[in-house]
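One letter stands for each residue in the lines below.
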Amino acid sequence: VQLQAFGGGLVQAGGSLRLSCAASGTILMINDMGWYRQAPGKQRELVADITSGGKTNYADSVKGRFTISGDNAKKTVYLQMNSLKPEDTAVYYCNSHLLGFGLLSTYWGQGTLVTVSS
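Predicted model, so just to flag it, every value in this text is computed and none were measured. (Residues numbered from 1 in each chain as written. Predicted model: local features only at pLDDT ≥ 70, side-chain atom pairs only at ≥ 80, totals over all residues. Heavy atoms only, no water.)

A. Local environment of the nonpolar core. Core analysis: the biggest nonpolar cluster contains 30 residues, and Trp35, Leu79, Met81 and Tyr92 have the highest contact counts within it. Broken down by secondary-structure element, the contributors of at least two residues to this core are strand 1 (2-6), strand 3 (17-24), strand 4 (29-38), strand 5 (45-51), strand 7 (66-71), strand 8 (76-81), strand 9 (90-99) and strand 11 (112-117). When near neighbours in sequence (up to four residues on either side) are disregarded, tyrosine 92 contacts Leu19, Trp35, Tyr36, Arg37, Val47, Phe66, Leu79, Met81, Gln110, Gly111, Thr112 and Val114. (Core = buried A, V, L, I, M, F, W, Y, C linked by side-chain atoms within 4.5 Å. Buried < 20%, exposed > 50% of the residue type's maximum accessible area, 1.4 Å probe, protein only. Helix = DSSP H or I, 4+ residues; strand = E, 2+ residues; numbered from the N terminus. Contact = heavy atoms within 4.5 Å.)

Below you can see the structure in the form of C-alpha cells.
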C-alpha cells in the first residue's frame, strides 16, 4: 500500500493551495484518510480527516479556511486550503487507516512542503 501526496508549494499569505493524496495497492477497505502537518521544531498535528462515510474533523486552527473531501472510488483525499497564513507553513503528510492484507493499519504518505510567505 502506498499513499502519494501532491500539491505543495510556495504561496503568499491569503492565497490558496490544494493538496491531494491517492492510495494505491491492495486495499480492501479505507476507514478514513486525512492530513497531518509538522512545522519546524513542532510536533506533528492533525489538520483534518474524513471517514469513508464523509464525516469530517478539523483542527481549530484551520476551521473555516480548509476543506477536506474524498473520492472513495479514486481512493483519494483532497485538502483545499484557503486564506493561508504564514503559520500554516509545514510539511503536510497524508494519512490513512485502511485494511490491506491483514489487520487495519495506519499508513503515511511522503510529506509535501507548504510554505506561506508573509
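Now that the structure has been shown, the text picks up again.
B. Geometry of the pairing of strand 8. The buried fraction of strand 8 is high, at five of six residues. In terms of strand pairing, strand 3 meets strand 8 through six bridges, oriented antiparallel. If you follow arginine 18 over to strand 8, its bridge partner there is glutamine 80. As defined by bridge partners, strand 7 adjoins strand 8 across six bridges and the pair is classed as antiparallel. Its bridge partner lying in strand 8, glycine 70 is registered against valine 77. The turn joining strand 7 and strand 8, which pair antiparallel and follow one another in sequence, is formed by four residues; a positive phi near 55° is taken by lysine 75. (Pairing = 2+ DSSP bridges.)

C. Highlighting unusual backbone geometry. Despite not being glycine, lysine 75 has its phi angle at roughly 55°, a positive value. Inspection of the secondary structure puts lysine 75 in the loop between strand 7 and strand 8. Given a relative accessible area of 27%, lysine 75 falls into the partly exposed group. Here serine 83, not a glycine, exhibits a phi torsion of approximately 50°, which is positive. Positionally, serine 83 belongs in the loop between strand 8 and strand 9. The exposure class of serine 83 is partly exposed, given its relative accessible area of 41%.

D. Spotlight on a nonpolar patch on the surface. Together, Leu28, Met29 and Leu104 line one region of the surface with nonpolar side chains, adding up to about 300 Å² of accessible area. Among the secondary structure elements, leucine 28 is positioned in the loop between strand 3 and strand 4. On the basis of relative accessible area, leucine 28 is assigned to the exposed category, the value being 58%. (Patch = residues over 30% accessible without salt bridge, like charges linked within 9 Å, V, L, I, M, F, W, Y side chains within 5 Å. Areas by Shrake-Rupley, 256 points an atom, 1.4 Å probe, with all protein chains shown as cover. Salt bridge = Lys/Arg side-chain N within 4 Å of Asp/Glu carboxyl O.)

So yeah, pure geometry; function would need other evidence.
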